[in-house]
Amino acid sequence: METIIETIIEGQDIQNQQKIETAAKILREGGLVAFPTETVYGLGADALNPAASKKIYEAKGRPSDNPLIVHISCMEDLDKIAVRIPAQAKKLAEHFWPGPLTMIFEKQEIVPAETTGGLSTVAVRMPDHPVARDLIQAAGGYIAAPSANTSGKPSPTRAEHVALDMDGRIPMILDGGAVGIGLESTIVDFSEETPMVLRPGYITPDMIREVIGEVWMDPGLVEEDSGIHPKAPGMKYKHYAPKAELILVNGAQEKVQQAINYLTREAIESGKNAGVIGTDESCCGYHYGIIKSIGTRNDEDTIARHLYGILREFDRENVDIIYSESFSTPRIGQAIMNRMLKAAGHQVIEV
Ligand code: TXA
Ligand code: MG
């Protein structure tokens, strides 16, 4: 199958609308289209068409028990796919939709088991990206979309990343440029008594508490080594992983730099191709291997935005081992570290 890449160009409203209509037609006919959202690129299919949803699992090589997120473009469409929507969830929607928030509810009959990985619940998000919103509306209102990467790879934050993973597997990619956030949405489960965060993201537990009061963290996230399985099936897989081995180094900045310089030199001497992830502030202090800045500690959003792209760059450069600083900053730092620890298979050196 040939994969067509259509680029959305600012100012070309009529042409853009035509491209989105062509993509929507593919979706309505049961095909797959990759499209930009504000978090990461999604791999879309008609969420109410079981055969279409199945194609997503094939294209990604995704385990069939890992449910998809259904994307909507207006509030009225929520009731058609979800039941028992608590007032607190409506409040969160008012605050954060459209945006990087996914909520889980009991599903309506109309949502096929193929979309929810056999679960009786459905995850729903209203994205805040003009291309995504226009596409959802034109395609009939409900697009099931996981991140548009091959299962296990870092999520795509540019159309080029999607093309690397999906070329020849899907008919179309809509290229809307680099995404704004760079990490997948926050997931909050409303299918049980107390709302619970199943995946951290740009919208933090504190931001949620400000709107609805109490929210729990999935205990499987808080202590990942505790043997408690996270509730979101996707969170149990080794995920977001680059080809290279990734090792995080945590501690006081000066010690971290010393340790990383020592470790990279040692790796290179033993014949390995080594990489370093530092920041705009620290990169000049590293001396060995391929050194990359992930962003600035003065604006943690830049770190979130560049994480997956950097991991993919190291893959392209055939790096064997990456040593990275750690980023346990407040706010989005929790989501950044959640993804980094997974990519590192929890290998952390404390210095
Ligand atoms: O930002 C995002 O959420 C992106 C963009 C494309 O919207 N999508 C995304 O989808 O990250 P995906 O499939 O890569 O991650 C969805 C996560 C998985 O961990 C999955 O297990 C969980 O959501 N999930 C989906 N439905 C669920 C349900 N009914 N119950 C529990 N977890 C669910
Ligand atoms: Mg994913």
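The sections below set out a description of the structure shown in this document. Source: prediction; values computed, not measured.

Another point: the pattern of salt bridges. Tallying each qualifying case throughout the model produces 15 salt bridges. Salt-bridge contacts for E21 lead to R28; the nearest nitrogen and oxygen are separated by 2.9 Å. A relative accessible area of 40% places R28 in the partly exposed class. One salt bridge connects E313 with K292, and the closest N-O pair in it is separated by 2.9 Å. Here E313 is found in helix α10 (residues 300–316), whereas its partner K292 is found in strand β15 (residues 290–293), with 21 residues between them in sequence. Connected through shared salt-bridge partners, K153, D165 and R312 make up one network.

It is worth spelling out the pairing of strand β7 (residues 121–125) at this point. With respect to burial, β7 is a largely interior element, five of its five residues being buried. Burial of β7 is two-sided: the residues T121, A123 and R125 facing one way and the residues V122 and V124 facing the other way are all buried. In the sheet, strand β6 (residues 101–107) pairs with β7 via five bridges, with the strands oriented antiparallel. Bridge pairing in β7 links F105 to V122.

Ligand 1 sits among 26 residues. The nearest are T39, N66, H71, S185 and G234. For ligand 1, an oxygen atom lies 2.6 Å from a polar atom in the side chain of N66. H71 is positioned such that a nitrogen or oxygen atom in its side chain is 2.7 Å from an oxygen atom of ligand 1. A total of 680 Å² of accessible area belongs to ligand 1 in isolation, and the protein chains cover 98% of it.

Rules used throughout
- Residues numbered from 1 in each chain as written.
- Chains lettered and ligands numbered in written order.
- Predicted model: local features only at pLDDT ≥ 70, side-chain atom pairs only at ≥ 80, totals over all residues.
- Heavy atoms only, no water.
- Salt bridge = Lys/Arg side-chain N within 4 Å of Asp/Glu carboxyl O.
- Buried < 20%, exposed > 50% of the residue type's maximum accessible area, 1.4 Å probe, protein only.
- Helix = DSSP H or I, 4+ residues; strand = E, 2+ residues; numbered from the N terminus.
- Pairing = 2+ DSSP bridges.
- Near = heavy atom within 4 Å.
- Polar contact = N/O pair within 3.5 Å; in protein donor to acceptor, adjacent residues only side chain to side chain.
- Areas by Shrake-Rupley, 256 points an atom, 1.4 Å probe, with all protein chains shown as cover.

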